[in-house]
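As a plain string of letters, each chain reads:
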Amino acid sequence: MKLQFILYSFFLWMGTASSQPIKFEVNTDSIIGKNTYFWKASGTDLLYALSEKQSGQALLDRMETTKSCIYLRNHYTLSRHIREGVEVGIHVYSEDENGDPIYDFTRINRIYGEFVKRGLKPIVECDYMPYQLQQGATNSNVSNDENIGVKNSGPVDWDKWHDLLVAFTKNLVDTFGAEEVRTWYFEVWNEPDGWEQSDIATFYKLYDVFVDAVTSVDPKLKVGGPACYHEWFMKEFLDHVAYGTNFVTGEIGSRIDFISYHIYGLSGSWLNNEPVIKPQVQRFTQSVLWMSRLLKNYENLRGVEFHINEWGMSSHYQKTVADYPDLIYRNNEESALFLVKLVDCLFAIEDNYDFPTNMLLYWGGAWEAEKGEFFKGLRTLTTAGNIPKPILTAYEMLAMLGEDRIAVKGQPKGGRLGVIATKSLNNEIEMIAYNYNETDEDTNISDTLEINISGLTNRSYSVEEYSMDRENNNTYRAWVKQGSPNTLGDADLKALQTASELKATKILSRNCTNHHLKIITILPRKSMVLIKIKN
């Protein structure tokens, strides 16, 4: 009988463990695809304003240090807007007494400069319409219950709108260089689903004019949209892009480099109502599969990138756990596990349906940190004291995965137990094993995983574990142990900062026999572990 060395990774947890281990096979010789890190993206309505404040700067610094984010997205790039009592938009356009345009790109250049110097990249939303170019009699975005106070309309002067887009784009290329800006994404608008259907042709013209303006500066810039959240809207938009008459060229079809879509686990307007709705990863995977079916109908759109450039377990970022107790998942480890399981399932769709998700952008920033309020249940990445919530820790764990994805056999994707496995360029192995079912109530139960790893070449390895459970690498649970203090003055901030630093919970040296290594780990329900097998 071949000897196999067994690594036992026992979590210190009171509860019942499954007697029979659930087995996974990881073949390090079988590379199934690139790890595209498509989840390295974030955004918020307040991003521009926060980027100029200490709370936002701290988040950007952490993203740079942990390499947990690449792309950032914000609304109101071309228009002013007050939200939460602060100016969240950019005042780029005005007119003199003769009605001639005046451009001011100083502030947006400064903000994008904060991104670029940290290796971060903007998704440039070319919205909304500046006040002087708004049509007077327009309705608000009536179909959007996120309370975004914008007007969906075309400009009063199409030439001035086109000229603004050209000037803005040229300014970006001149400021940051063509090679850098070619790695960004330019997006036409945000959530035009509320556009009056009787005027929908105006939105299609808005898109065509946008594409013409941006690509006239540099044809290698990436343009797309529509950033909608209804499948019916997406279909009508794609019909125009694929088969409609272009409002600028007069020819059939419009250029599109990426298609953007928004998915939330549930609408915040359904909270505290019956029937109870629990956010589930399956909601996202089904939506993506429906999108893959829809896009296959458009032969000329094959190869266009697919972006989910807003997602969250629940919409209505401003609602708090005090009023809506179900939102506890925006504070604790559940949102972190939801993210990891979602990433695993989206990779499965890529592998099984040949439909990759090229971006998964979480809509959450640092507003709790800015307000100095701990774990209020807002959809944010950080809380008071710039302490990361568990979901940000999950992003940092995912960022530690390697460049190539390797084959995993075992449980079907989308179930309770899962393993994401990767291989780095130096042949080291990284895995995240998780135990998460969205409807679990009893978290005192644990499950035993047996992970058999083949194809290893060295005789010995250092094995590092980074657990996230209710005891380890979990800032929310550390805060609860302090008595859930409300303010910075009441909290032991140093202890929370220590809890926010991702630390190995176990480091062991293990020998390998016949190119195999067996790892047995006991995972409590709603927990996960990052395992690094290092040369």
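Counting of residues starts from 1 at the beginning of each chain's written sequence and follows it residue by residue. Only residues with pLDDT of 70 or above have their local features reported here, since the model is predicted, and side-chain atom pairs are shown and tallied only from 80 upward, although totals for entire chains, interfaces and linings are computed over all residues. Hydrogens and water molecules were not included; the side-chain quantities draw on all heavy atoms of the structure.

A. Structural detail: unusual backbone geometry. Here the amide bond leading from D127 into Y128 is cis, since omega sits at -20°, within 30 degrees of zero. As for its placement among the helices and strands, Y128 is situated in the loop between strand 10 (121–125) and helix 4 (158–176). Across the junction of E274 and P275, the peptide omega takes the value 0°, indicating a cis bond. Secondary structure is summarised from DSSP: a helix means a run of H or I of at least four residues, a strand means a run of E of at least two, and numbering begins at the N terminus for each. One can find P275 in the loop between strand 13 (258–264) and helix 8 (281–295). Of note in this structure, N272 is not a glycine but carries a positive phi near 65°. The phi dihedral of N473 is positive, around 50°, even though this residue is not glycine. Mapped onto the fold, N473 is located in the loop between strand 22 (460–468) and helix 12 (475–481). You can call N473 buried: its relative accessible area is 8%. Each residue is assigned to one of three classes by its accessible area relative to the maximum for its type, calculated with a 1.4 Å probe on protein chains only: buried under 20%, partly exposed between the two thresholds, exposed over 50%.

B. Up close: the pairing of strand 15 (residues 359–363). Among the five residues that make up strand 15, five are buried, leaving the element largely enclosed by the rest of the structure. By the alternation rule, side chains of strand 15 split into M359, L361 and W363 and L360 and Y362, which are all buried. Only strands joined by at least two bridges in the DSSP assignment are considered to pair. The pairing of strand 4 (residues 41–43) with strand 15 spans two bridges and is parallel. The residue bridging G43 from the neighbouring strand is W363, located in strand 15. Relative to strand 15, strand 14 (residues 305–312) runs parallel, the two being bridged by three bridges. Each residue of the ladder has a partner; that of H307, found in strand 15, is M359. The path from the first strand over the helix to the second decides the hand: if it runs clockwise while the strands point away from the viewer, the crossover is right-handed. In this fold, the crossover linking strand 14 to strand 15 by way of helix 9 (residues 333–353) has right-handed handedness.

C. Expanded view of helix 2 (residues 54–66). In this analysis, the expected span of each helix is defined as 1.5 Å times one less than the number of residues it contains. Counted at 1.5 Å a residue, the expected span for helix 2 with its 13 residues is 18 Å, and the 18 Å between its end C-alpha atoms agrees. Those residues of helix 2 that sit buried are S55, G56, L59, L60 and M63. Projected onto a plane normal to the axis of helix 2, the buried residues spread over an arc of 135° and lie on a single side. Residues of helix 2 that are exposed and point more than 90 degrees away from the buried face comprise Q54 and T65. Note on helix 2: the residue one or two positions beyond its end, K67, has a positive phi of about 55°. This arc is taken over the directions from the axis of the helix to the C-beta atoms.

D. Seen up close, the state of the cysteines. What counts as a disulfide here is a pair of cysteine sulfur atoms lying within 2.5 Å. All told, the structure shown has zero disulfides when counted by the stated rule. Free of any disulfide, C228 has its nearest cysteine sulfur in C126, 17 Å distant.

Any functional reading would require information that these geometric values do not contain.
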